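# Descriptive analysis of the structure
As a plain string of letters, each chain reads:
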Amino acid sequence: MNYWLMKSEPSEVSVDDVLASPGQQVDWFGVRNYQARNFMLRDMQVGDGVLFYHSSCAQPGIVGVAVVSHLALPDETQFDPASHYYDPKATREKPRWFCVGVRVLRKTECLSLQALRQHPDLSSMPLLARGNRLSITPVSAGQWKVIQGLLQESSN
DNA sequence: GCCAACGTTGGC
DNA sequence: GCCAACGTTGGC
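This report concerns the structure included in the present document. If you're wondering where the values come from, they're calculated on a predicted model, not measured in any experiment.

## Remarks on the pairing of strand 5 (residues 98–112)
Taken residue by residue, a regular strand's side chains alternate between the two faces of the sheet. With three bridges connecting them, strand 2 (residues 25–27) and strand 5 associate as antiparallel partners. Residue pairing in the sheet places Gln25 in a bridge with Arg103 of strand 5.

## Topic: the protein's contact with DNA strand B
Surveying the vicinity of DNA strand B reveals the residues Tyr34, Arg130, Gly131 and Arg133. Atoms of DNA strand B within 4 Å of the protein: sugar and phosphate make up 74%, bases the balance. In the environment of DNA strand B, a base oxygen lies 2.6 Å from a nitrogen or oxygen atom belonging to the side chain of Arg133. Residues of the surface near DNA strand B, tallied by class, amount to one nonpolar, one polar and two charged.

## Re the protein's contact with DNA strand C
Every residue lining DNA strand C is accounted for by Lys7, Tyr53, Ser55, Ser56, Pro60, Leu113 and Arg133. Tyr53 is positioned such that a nitrogen or oxygen atom in its side chain is 3.0 Å from a phosphate oxygen of DNA strand C. Between a base oxygen of DNA strand C and a side-chain N or O atom of Arg133, the distance comes to 2.4 Å. The residue inventory of the surface near DNA strand C, partitioned by class, reads three nonpolar, two polar and two charged.

Rules used in this analysis
Residues numbered from 1 in each chain as written. Chains lettered and ligands numbered in written order. Predicted model: local features only at pLDDT ≥ 70, side-chain atom pairs only at ≥ 80, totals over all residues. Heavy atoms only, no water. Pairing = 2+ DSSP bridges. Helix = DSSP H or I, 4+ residues; strand = E, 2+ residues; numbered from the N terminus. Near = heavy atom within 4 Å. Polar contact = N/O pair within 3.5 Å; in protein donor to acceptor, adjacent residues only side chain to side chain. Nonpolar A, V, L, I, M, F, W, Y, C, P; charged D, E, K, R; others polar.

Structure (structure tokens):
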């Protein structure tokens, strides 16, 4: 069982959007970075824990707890010429991009990037590394535990 | 809107 | 395979 942090721009897909979706589930379309793709394709398993993170917004931070709900499948947007995520080099026979399913279990108070940076036990999170841009990063069991504690505190 | 950091592309 | 140019991410 592994843990992950997944970034989404709330203007595109917010945690509320996912909660309003059938099954509170979303296919994690639009990833166009090989490292993030490979996490989905090779490493993510159904049931893995996911921290749902809002990026490129007024208050970036963790806003929900989720799980991986299905293994990686071809990302349909790569085949759609009308999509922002269209990839002319991808074919149905040889898809390039994949997406796992993510089911939101609960929305939380926003645990801000600033708060995460202030916590000494989280300083080694890839999310917090200088210059990090990866939209999917691994979270250690220890980090997961610390963050669950922080999310619990802020909900009281 | 700025810009640091990083990824990708393509000429050579 | 190098690397300059360019594009993107994402916090501020």
